[in-house]
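Residues per chain are reported as follows:
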Amino acid sequence: MTPSSPLPPSSPPPRSARPRQFVADGMARLLAVAEARQRRESPFAAVPADTAPVTVPTRHGDMPATLYRPRTADTARGVYVNVHGGGFSAGAPAMDDSLCRYLAHEAGVFVVNVDYRRTPHARFPVPVEQVYDALVWAADGARPWAGAALLVGGQSAGGSLAAAACRTALTDGGPEIALQVLQYPPLDLVTPARSKAAPTDHEPMLRPSLSQFLDAAYVPDPRQRTDPRVSPAWGANSDDITGIAPAVLVTAGRDRLRAEGLVYAARLAHAGALVAHHDLPDVDHGYDITGENPEVTKEMYAVLAAHVRHAATP
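Residues numbered from 1 in each chain as written. Predicted model: local features only at pLDDT ≥ 70, side-chain atom pairs only at ≥ 80, totals over all residues. Heavy atoms only, no water.

> I'd like a description of the overall build of the chain, backed by residues and values.
Across its full length, the chain carries eight helices and eight strands. Taken over 314 residues, the chain has a buried fraction of 55%. Within the chain, contacts between residues at least 6 apart in sequence are counted, and of these 79% link residues at least 24 apart. Surface accessibility of the chain: about 13300 Å² in total, with carbon and sulfur atoms responsible for 52%. (Helix = DSSP H or I, 4+ residues; strand = E, 2+ residues; numbered from the N terminus. Buried < 20%, exposed > 50% of the residue type's maximum accessible area, 1.4 Å probe, protein only. Contact = heavy atoms within 4.5 Å. Areas by Shrake-Rupley, 256 points an atom, 1.4 Å probe, with all protein chains shown as cover.)

Structure follows, in structure tokens:
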């Protein structure tokens, strides 16, 4: 599918239209509690996983993570840093356990599933900097996978953070990243959620009111939302991203965030960095986490594993 034209730039909403900060922070806390109580059935529960806790040092303190070892660790050619979603406020590494164990088993890479600090306790740019620091740590020659290709990916907010870390690697001169995998990420926090189109025959999971609160909790100052690490699909933020890590981008047809994903896919393609854009027509945001369509999840995870395996192969 050919990505659509960019969303028109917009100014930050007037102060009267912004949620009060204590309300936004309260909503973020409630979402975290609700997320922690949910139990989901994994279509990959039977995939074996060899895991161990690890600690990743960052400028904002030590970050816990889970390391997934591939079946043939001695010949693994890649390490994949995974960043979970949850609206920058909820979620936990465990919600991506299925994907992590699948990539380790099927793509033959180490996977480092990080547990970054979340809002309202840590706002932008803290999570971005932690994910970037994790990439620097993973690229260190002292790691067990020394010399392996470095990859990063995330779903939803995790995809936003992965994209931001890759943007930081571009501007800061490294580390070299072989692939970024972005699943249905929020890529434009400037445009109000109520202005983002939704399918007329389906009520998307992301309601405008919820997105408004989560955006405000993550980046309270609307002026900061124009930062390319927050909103790479807004305005001219990605007019020139030549040299950025090659990317696989997944969008969902029923997702309110689909349009900004299409915009970013076009920017990546213009920069020669788009490996593939997979637009899934009949699923919503978080399709693989909510269990909305297990068959689509199985098919898509196999595709992602193939992309990861190929990127990690010299």
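> So what about the sheet that holds strand β5 (residues 149-155)? Which residues, and what values?
Sheet architecture is open: eight strands sit in the order β1-β2-β4-β3-β5-β6-β7-β8, paired in mixed fashion. Taken across any chain shown, the strands that pair with only one partner, and hence form the sheet edges, are β1 (50-58) and β8 (274-280). Across this sheet, the average inter-strand angle for adjacent strands is 20°, counted without regard to direction. Looking at chain direction, β5 and strand β6 (residues 179-183) are connected through five bridges and run parallel. Its bridge partner being in β6, G153 is matched across the sheet by V181. Its contacts with the sheet put helix α2 (residues 97-107) on β2 (61-69), β3 (78-83), β4 (110-114) and β5, and the angle it makes with β2 is roughly 55°. Contacting β6, β7 (247-252) and β8, helix α6 (residues 258-270) runs over the sheet at an angle of about 160° to β7. (Pairing = 2+ DSSP bridges. Axes fitted to C-alpha atoms, helices over the stretch in contact; angles between N-to-C directions.)

> If you had to explain the environment of T313 to someone new, which residues and values would you point to?
The topology assignment puts T313 in the segment after α8 (294-311). The sequence separation of T313 and G78 amounts to 235 residues, and the corresponding C-alpha distance is 7.9 Å. From its side chain, T313 meets the backbone oxygen of R309 in a polar contact 2.6 Å long. (Polar contact = N/O pair within 3.5 Å; in protein donor to acceptor, adjacent residues only side chain to side chain.)

> Describe the pattern of salt bridges, and please don't skip the residues or the numbers.
In the structure shown here, the tally under the stated rule is 11 salt bridges. For E129, the salt bridge goes to R59, with nearest N and O atoms at 3.8 Å. Linking E129 in helix α3 (residues 126-138) with R59 in the loop between β1 and β2, this pair joins segments that are 70 residues apart in sequence. Two residues, K298 and E295, come together in a salt bridge whose shortest N-O distance is 3.8 Å. Residue K298 and its partner E295 are located together in helix α8, separated by three residues, close to a single helical turn. Where salt bridges share partners, they join R59, E129 and D133 into one cluster. (Salt bridge = Lys/Arg side-chain N within 4 Å of Asp/Glu carboxyl O.)

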